[in-house]
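Structural overview
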Amino acid sequence: MRVKRHKNHRRILRFFRLTFGIQEPYHVLVDGTFLTHALQQRVHVKEQLPKMLEGRTTPMTTGCILAELRSLGDRALGAVVVSKGYYRVKCGHDENPVGASQCIREQIGKTNARRFFVATQDPDLRLQLRSVPGVPLIRLNGPVPQLEEPSESTRRLAKEGEERKRGPSDWEKPKLPELKAKEVLKEALAAKPKAKRKKKGPAVSPNPKP
Ligand SMILES: [Zn+2]
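Now for a look at the structure at hand. Being a predicted model, the structure only gives us computed values, none of them experimental.

**Thoughts on the pairing of strand E2 (residues 57-62)**
The side chains of a regular strand alternate, first on one face of the sheet and then on the other. Among the six residues of E2, five are classified as buried, and the element is accordingly described as predominantly covered. Bridge analysis of strand E1 (residues 26-30) against E2 gives four bridges, and the strand direction is parallel. Counted as the bridge partner of Tyr-26 is Thr-57 from E2. Relative to strand E3 (residues 87-89), E2 is paired through three bridges, and the arrangement is parallel. Residue pairing for E3: Thr-61 is matched across the bridge by Arg-88.

**Focus: the pairing of strand E6 (residues 144-147)**
In E6, alternate side chains face the same way, and those of Pro-145 and Leu-147 are buried while those of Val-144 and Gln-146 on the opposite face are not. Bridge count for strand E5 (residues 137-141) against E6 is four bridges, and the pairing is antiparallel. Note that in E6 the partner of Ile-138 across the bridge is Leu-147. Between E5 and the antiparallel strand that follows it, E6, lie two residues; Gly-142 among them carries a positive phi value of about 65°.

**Digging into the coordination of the zinc ion**
In the first shell of the zinc ion, the protein supplies Cys-64 (SG), Cys-91 (SG), His-93 (ND1) and Cys-103 (SG), at 2.1 to 2.3 Å from the metal. Of note, the donors binding the zinc ion are all from one chain and are spaced C-x26-C-x1-H-x9-C. In this pair, Cys-64 is assigned in helix H4 (residues 63-71) and Cys-91 in the loop between E3 and helix H6 (100-108), connecting sequence segments 27 residues apart. Pair check on accessibility: Cys-64 and Cys-91 agree, each one buried.

**Things to note about H4**
Taken residue by residue, H4 has Cys-64, Ile-65, Leu-66 and Leu-69 as its buried positions. Where H4 is buried, its residues touch E1, helix H2 (32-40), E2, helix H5 (77-84), E3 and H6. Remark: Gly-73 follows H4 within two positions and exhibits a positive phi of approximately 75°.

**Digging into helix H1 (residues 2-20)**
With 19 residues, H1 extends 26 Å between its outermost C-alpha atoms, agreeing within 8% with the 27 Å of an ideal straight helix rising 1.5 Å per residue. If you check which residues of H1 are buried, you get His-6, His-9, Ile-12, Leu-13, Phe-16 and Phe-20. When H1 is viewed along its axis, its buried side chains cluster within an angular range of 130° and face the same direction. Relative to its buried face, H1 has exposed residues pointing more than 90 degrees away, namely Val-3, Lys-4, Lys-7 and Leu-18.

**Brief notes about the pattern of salt bridges**
Summed over all chains, the structure comprises seven salt bridges. Notably, a salt bridge pairs Arg-126 with Glu-148, separated by 3.7 Å at the nearest N-O pair. With Arg-126 in helix H7 (residues 123-130) and Glu-148 in the loop between E6 and helix H8 (152-172), this residue pair connects regions lying 22 residues apart in the sequence. For Glu-148, the salt bridge goes to Arg-139, with nearest N and O atoms at 3.5 Å. A residue is classified by how much of its surface remains accessible, and Glu-148, at 14% relative accessible area, is buried. Judged by its relative accessible area of 31%, Arg-139 is partly exposed. Overlapping salt bridges, with partners in common, bring together Arg-126, Arg-130, Arg-139 and Glu-148 in one network.

**Looking at the packing of aromatic side chains**
Inspection of the entire model under this criterion finds four aromatic pairs. Seen in terms of ring centroids, Tyr-26 and Phe-117 are 5.2 Å apart; in terms of plane orientation they differ by 65°. Their pairing is edge-to-face. In this pair, Tyr-26 is assigned in strand E1 and Phe-117 in strand E4 (residues 116-119), connecting sequence segments 91 residues apart. Using a relative accessible area of 7% as the deciding quantity, one classes Tyr-26 as buried. What makes Phe-117 buried here is its relative accessible area of 0%. The rings of Phe-15, Phe-16 and Phe-20 are connected pair by pair, giving a single aromatic cluster.

What counts, and at which threshold
- Residues numbered from 1 in each chain as written.
- Predicted model: local features only at pLDDT ≥ 70, side-chain atom pairs only at ≥ 80, totals over all residues.
- Heavy atoms only, no water.
- Buried < 20%, exposed > 50% of the residue type's maximum accessible area, 1.4 Å probe, protein only.
- Helix = DSSP H or I, 4+ residues; strand = E, 2+ residues; numbered from the N terminus.
- Pairing = 2+ DSSP bridges.
- Donors = N, O, S within 2.8 Å, 3.2 Å for Na, K, Ca; no water.
- Contact = heavy atoms within 4.5 Å.
- Expected span 1.5 Å × (residues − 1).
- Arc of directions from axis to C-beta.
- Salt bridge = Lys/Arg side-chain N within 4 Å of Asp/Glu carboxyl O.
- Phe/Tyr/Trp six-rings, centres within 6.5 Å; stacked < 30°, edge-to-face > 60°.

Put into structure tokens, the structure is as follows:
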């Protein structure tokens with residue numbers, strides 16, 4: 001089971017690496033729902049994420065995630081402490097913190113240009129992030145971290161990318177006979193003077209036979 005899960009994770013990571021250039025060190029935005037769940041399950045996120053992804057991993061937070069956790073009072077105190085130990089992404093909401101899920105969505109944007117992973121237990125946020133191509137999602141299944149299969153929009157964009165790569169050659173194909181004809185014509189034209197030169201060749205040879 002464990003081996004199979006690792007194999008799955010490797011396949012999914014390979015997909016994200018090849019199609020979206022997501023590679024080590026992995027940057028994982030960890031939200032409050034994930035942290036709270038992790039604490040309940042006694043999962044040490046900072047240790048478990050690199051194990052799961054089999055590579056250098058930096059868990060990250062934002063000021064908004066922290067603000068939301070702080071607003072929950074005592075029940076989120078542990079999560080606040082853990083989150084404070086994470087690298088803090090400058091989210092641009094310093095003056096006016098927004099909800100954690102809105103903040104995360106804004107960091108991801110339309111293309112996930114900064115190549116974040118998102119670790120969340122929030123089904124709504126997950127649903128919204130699935131519509132953005134190229135966002136690897138992590139969740140806890142009990143105490144077991146899992147990397148979600150690439151979403152439909154992610155797979156669609158990857159497929160389009162592949163087709164684009166193949167595209168130009170398909171597009172050039174109709175031109176090929178034309179190009180070939182031009183080449184043949186060029187060769188034919190070049191052949192005539194060449195033939196003449198060839199005839200004259202021995203006369204102007206730089207190394208005449210003694
Ligand atoms: Zn923010």
